[in-house]
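What follows is each chain in one-letter form.
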Amino acid sequence: LGCTNVTIIDFDEVGEENVSCQLYSSFDVGKNKVEALKDKLLILSEITPDIKVKKIDSDFDVNEFKILISAVDNMDARKIIFDRLKIADGSGHLLIDGRMAANNVQIYVTSFNNSEEIKFYEDTLFDSSEALPIACSARSVVYNGFVIAGLITNTVAKIANGKILPKELIIDLE
C-alpha cells in the first residue's frame, strides 16, 4: 500500500506455537516479537526503500496513532487496548482488531468517534478464561494469518480511499 511509517507494539516473545501460524521461524523462538518482526519488515525495504519501522516493546501512548491494528493473541490484551483508546482524547482513533482461531477469522473495525460502534465492539470482549479451549495444533495455521492480513490490508486501503468500512467481518474458512 506504500505505507512507509510502521510502528510495531508487542510485549511478547516468539513462542514455538507462533512458528506454524505466523511468519516467524524456529530461529525467532525466544526473541522479542517486535525485534523479530522488525527484521522481517526491513526486508521489504527492497520494495519500499523509504520504509521506517519503529518498535515499541514497553508502554505506549495511543494518541501517537490514528489507526491502530490489533493482532494480539488474547482477550486481556484487547481489553487493555480498548480501555486506552476509550479514555484517550477522542480525536478519531480507529481500531482494526483481527482475531483468528482454527479456520475462523474475525475483523472488527471501530471508530472511537462513534458511541454505537464503541458499544458494539465492547460487547465482543470477554474474559480470557471464557475462551474456548482449542488444541494447539488447531488454533491456527499459516494460511489463516495470510487471509486475515489480506483482509486487514484491504480495510486500510478502504480507509485510504474513503470507502465505507464494515464494523464486523466473520469468515469460516472451512
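Everything numeric here is computed off the predicted structure, so don't read it as measured data.

Criteria and cut-off values
- Throughout, a residue's number is its position along its own chain's written sequence, starting from 1.
- Predicted model: local features are reported for residues with pLDDT of at least 70 only, side-chain atom pairs are reported and counted for 80 or more only, and whole-chain, interface and lining totals are derived from all residues.
- Excluding hydrogens and water, the side-chain figures rest on all heavy atoms present in the structure.
- Here, nonpolar core means buried Ala, Val, Leu, Ile, Met, Phe, Trp, Tyr and Cys residues that are tied together by side-chain atoms lying within 4.5 Å of each other.
- Relative accessibility under 20% of the residue-type maximum defines a buried residue, over 50% an exposed one, and the middle range a partly exposed one, all with a 1.4 Å probe and only protein chains included.
- Secondary structure counts use DSSP, requiring at least four H or I residues in a row for a helix and at least two E residues in a row for a strand, with both numbered from the N terminus.
- The contact definition used throughout considers only heavy atoms, calling two residues in contact when any of these lie within 4.5 Å.
- Like-charged residues are merged into a patch within 9 Å and nonpolar side chains (Val, Leu, Ile, Met, Phe, Trp, Tyr) within 5 Å, provided each residue has over 30% relative accessible area and no salt bridge.
- The protein chains shown are the only cover counted for residues, whose accessible areas, like all others here, come from Shrake-Rupley with a 1.4 Å probe.
- Every case where a carboxyl oxygen of Asp or Glu lies within 4 Å of a side-chain nitrogen of Lys or Arg is listed as a salt bridge.
- A pair of strands is considered paired only if DSSP assigns at least 2 bridges between the two.
- With axes taken as lines fitted to C-alpha atoms, and helix axes fitted only over the stretch in contact, angles between N-to-C directions fall between 0 and 180 degrees.

What follows deals with the nonpolar core. By size, the foremost hydrophobic cluster in this structure holds 16 residues, and its most contacted members are Leu68, Phe82, Leu85, Leu95, Phe112 and Tyr121. For this core, the secondary-structure elements that each account for two or more residues are α3 (75–87) and α4 (115–122). Element by element, the count of residues in this core is highest for α3, at 4 residues. Non-local contacts of phenylalanine 82, meaning those with residues more than four positions away in its chain, are made with Phe112, Ile118, Tyr121, Glu122 and Leu125. The next biggest cluster of nonpolar side chains, apart from the first, holds 8 residues, and it includes Ile96, Val105, Ile152 and Val156.

Residues Leu23, Val142, Tyr143 and Phe146 make up a contiguous nonpolar surface patch of about 400 Å² in total accessible area. Of note, phenylalanine 146 is situated in helix α6 (residues 142–160).

So, about the environment of valine 62. Turning to its location among the elements, valine 62 is positioned in the loop between β2 (52–56) and β3 (67–70). On a C-alpha basis, the gap between valine 62 and histidine 93 in space is 8.5 Å, while along the polypeptide they are 31 residues apart. Valine 62 has contacts with Arg84, Leu85, Ala88 and His93, leaving out every residue within four places of it along the chain.

What follows is about the sheet that holds strand β4 (residues 94–101). The strand order across the open sheet built from 4 strands is β3-β4-β5-β6, with neighbouring strands paired in mixed fashion. Strand pairing shows two members of the sheet lacking a second neighbour, β3 and β6 (168–172), which therefore form its edges. With strand direction ignored, the average angle separating the axes of adjacent strands in the sheet is 10°. This element, α3, spans β3 and β4 of the sheet and lies at about 170° to β4. Helix-sheet contacts for α4 involve β4, β5 (104–111) and β6, and the interaxial angle to β5 is about 150°.

This part covers the pattern of salt bridges. In this structure the tally under the stated criterion is 8 salt bridges. In this structure, the salt-bridge partner of lysine 86 is glutamate 122, at a minimum N-O distance of 3.3 Å. Of this pair, lysine 86 sits in helix α3 while glutamate 122 sits in helix α4; the two residues are 36 residues apart in sequence, bridging distant segments of the chain. Taking relative accessible area as the criterion, glutamate 122 reaches 30% and is therefore assigned partly exposed. Across the pair arginine 99 and aspartate 97 runs a salt bridge, and its minimum N-O distance is 2.8 Å. When its relative accessible area of 0% is taken as the criterion, aspartate 97 is described as buried.

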